[in-house]
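# Coordinates in review
Letter by letter, the chains look like this.
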Amino acid sequence: QKEVEQDPGPLSVPEGAIVSLNCTYSNSAFQYFMWYRQYSRKGPELLMYTYSSGNKEDGRFTAQVDKSSKYISLFIRDSQPSDSATYLCAMKVPAGGSNYKLTFGKGTLLTVNP
Amino acid sequence: KAGVTQTPRYLIKTRGQQVTLSCSPISGHRSVSWYQQTPGQGLQFLFEYFSETQRNKGNFPGRFSGRQFSNSRSEMNVSTLELGDSALYLCASSSLASSLAVSYNEQFFGPGTRLTVL
């Protein structure tokens with residue numbers, strides 16, 4: 001079982017739709033949970049991060065973490081064509097000693113159609 | 001503040017050759033991490049450098065190596081290239097080493113180097 005599983009999509013929605021992106025993870029030792037957005041030919045950029053179970057909201061974006069189910073979600077309200085990108089979930093995981101690394105899902109390609 | 005820069009942006013090599021990629025972190029950042037991104041495996045961690053020392057390494061063969069200079073710039077080298085090494089190589093900089101960050105320490109990614117091995 002992979003450490004982080006993410007449905008690769010692709011996902012295509014009309015403008016204004018609510019988008020739900022999800023990841024599951026296998027190890028309860030995973031700590032910080034992040035969502036990155038990656039536009040074509042660009043590096044990933046951090047959208048949101050959270051530590052505890054529950055919801056965290058930032059504008060049209062809501063990150064949700066359920067540690068008991070090892071499940072995280074990103075919701076996008078009122079989606080816009082400019083939201084079209086690949087969305088990657090990521091987690092800060094122990095990497096030996098006192099080191100940590102980021103482990104990523106494979107990403108979900110989202111297209112928002114005008 | 002200038003972002004993370006990577007050179008070159010695109011590279012074409014043949015099997016058996018070696019390649020060196022360069023990354024300049026955000027000014028003041030001392031930690032540089034390297035990642036490989038492929039459609040099949042996604043984004044995978046290669047290694048982390050902090051203050052010229054490799055602090056952390058992912059599960060890649062010894063053909064993948066790196067180093068960091070006193071100005072925090074980092075290079076990654078891949079020797080004896082294989083077709084499967086074709087990927088987008090990303091570097092990310094942060095202000096602290098992963099082991100020193102109490103909470104989440106944001107990593108800022110560069111645009112990547114697209115390596116094609118023929």
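A brief structural summary. As the structure is a prediction and not an experimental result, all values here were calculated from the model.

Criteria and thresholds
Residues numbered from 1 in each chain as written. Chains lettered and ligands numbered in written order. Predicted model: local features only at pLDDT ≥ 70, side-chain atom pairs only at ≥ 80, totals over all residues. Heavy atoms only, no water. Pairing = 2+ DSSP bridges. Helix = DSSP H or I, 4+ residues; strand = E, 2+ residues; numbered from the N terminus. Axes fitted to C-alpha atoms, helices over the stretch in contact; angles between N-to-C directions. Contact = heavy atoms within 4.5 Å. Buried area = accessible area lost by both parts, 1.4 Å probe. Polar contact = N/O pair within 3.5 Å; in protein donor to acceptor, adjacent residues only side chain to side chain. Nonpolar A, V, L, I, M, F, W, Y, C, P; charged D, E, K, R; others polar. Core = buried A, V, L, I, M, F, W, Y, C linked by side-chain atoms within 4.5 Å. Buried < 20%, exposed > 50% of the residue type's maximum accessible area, 1.4 Å probe, protein only. Phe/Tyr/Trp six-rings, centres within 6.5 Å; stacked < 30°, edge-to-face > 60°. Lys NZ or Arg CZ within 6 Å of the ring centre and 35° of its normal.

The strands that make up a sheet pair up through hydrogen bonds in the backbone, lying either parallel or antiparallel. Residues and elements named next belong to chain A. Pairing is antiparallel across the open sheet formed by five strands, whose spatial order is 1-3-8-7-6. With one partner strand each, in any of the chains shown, strand 1 (4–6) and strand 6 (54–58) form the two edges of the open sheet. For this sheet, the mean angle separating the axes of adjacent strands, direction not counted, is 15°. The sheet contact formed by strand 1 and strand 3 (residues 19–25) spans three bridges and is antiparallel. Counterpart to V4 in the pairing with strand 3 is Y25.

Moving on to unusual backbone geometry. For the peptide bond that leads from A:G9 to A:P10, omega is 10°, which places it in the cis range. The topology assignment puts A:P10 in the loop between strand 1 and strand 2 (11–14).

The interface of chain A with chain B comprises 21 residues on the first partner and 25 residues on the second. Between chain A and chain B, roughly 1900 Å² of surface is buried when both sides are summed, and carbon and sulfur atoms account for 52% of that area. Together, A:N99, A:F104 and A:K106 form the three largest contributors to the area buried by chain A at its contact with chain B, with a combined 23%. Linking chain A with chain B are four residue pairs in polar contact (both at pLDDT 80 or more), by the criterion used here. Secondary structure elements with two or more residues in the side of chain A that touches chain B: strand 4 (33–38), strand 5 (45–50), strand 9 (85–94) and strand 10 (100–104) of chain A. Top element by residues in the side of chain A that touches chain B is strand 10 of chain A. It accounts for four residues. Within the side of chain A that touches chain B, the residues separate by chemical class into 11 nonpolar, four polar and six charged.

In this structure, A:Q38 sits in strand 4. Only 2.9 Å separates the side chain of A:Q38 from the backbone oxygen of A:K42, close enough to count as a polar contact. Within the structure, A:Q38 has its side chain in polar contact with the side chain of B:Q37 (distance 2.9 Å). With near-sequence residues (within four places) excluded, A:Q38 lies in contact with A:G43, A:P44, A:A85, A:T86, A:L88, B:Q37, B:L88 and B:L90.

Soluble globular proteins: nonpolar side chains tend toward being buried together. Grouped together as the largest cluster of nonpolar side chains are 25 residues, with contacts concentrated most on A:W35, A:I72, A:L74, A:Y87 and A:M91. Of all the elements in the fold, those that place two or more residues in this core are strand 3, strand 4, strand 5, strand 7 (61–66), strand 8 (71–76), strand 9 and strand 11 (108–113) of chain A. One finds B:V19, B:L81, B:C91 and B:L115 within the second-largest nonpolar core, a separate group that totals 21 residues.

The way to describe two aromatic rings as a pair is by their centre distance and the angle between their planes. Under the counting rule described, the total for this entry stands at 12 aromatic pairs over all chains. Judged by centre distance (4.9 Å) and plane angle (45°), the ring pair of A:Y32 and A:Y51 falls under tilted. Note that A:Y32 is positioned in the loop between strand 3 and strand 4 and A:Y51 in the loop between strand 5 and strand 6, a separation of 19 residues in sequence. By relative accessible area, A:Y51 is classed as partly exposed at 43%. Aromatic side chains B:F47 and B:Y49 sit 5.6 Å apart centroid to centroid with 75° between the ring planes, which places their arrangement in the edge-to-face category. With respect to class, B:F47 is no different from B:Y49; both count as buried. Ring-pair connections join several aromatic residues into one group, and the members of that group are A:Y36, A:F104, B:Y35, B:F45 and B:F109. The ring of A:Y100 carries the charged tip of A:K92 above its face, separated from the ring centre by 4.7 Å.

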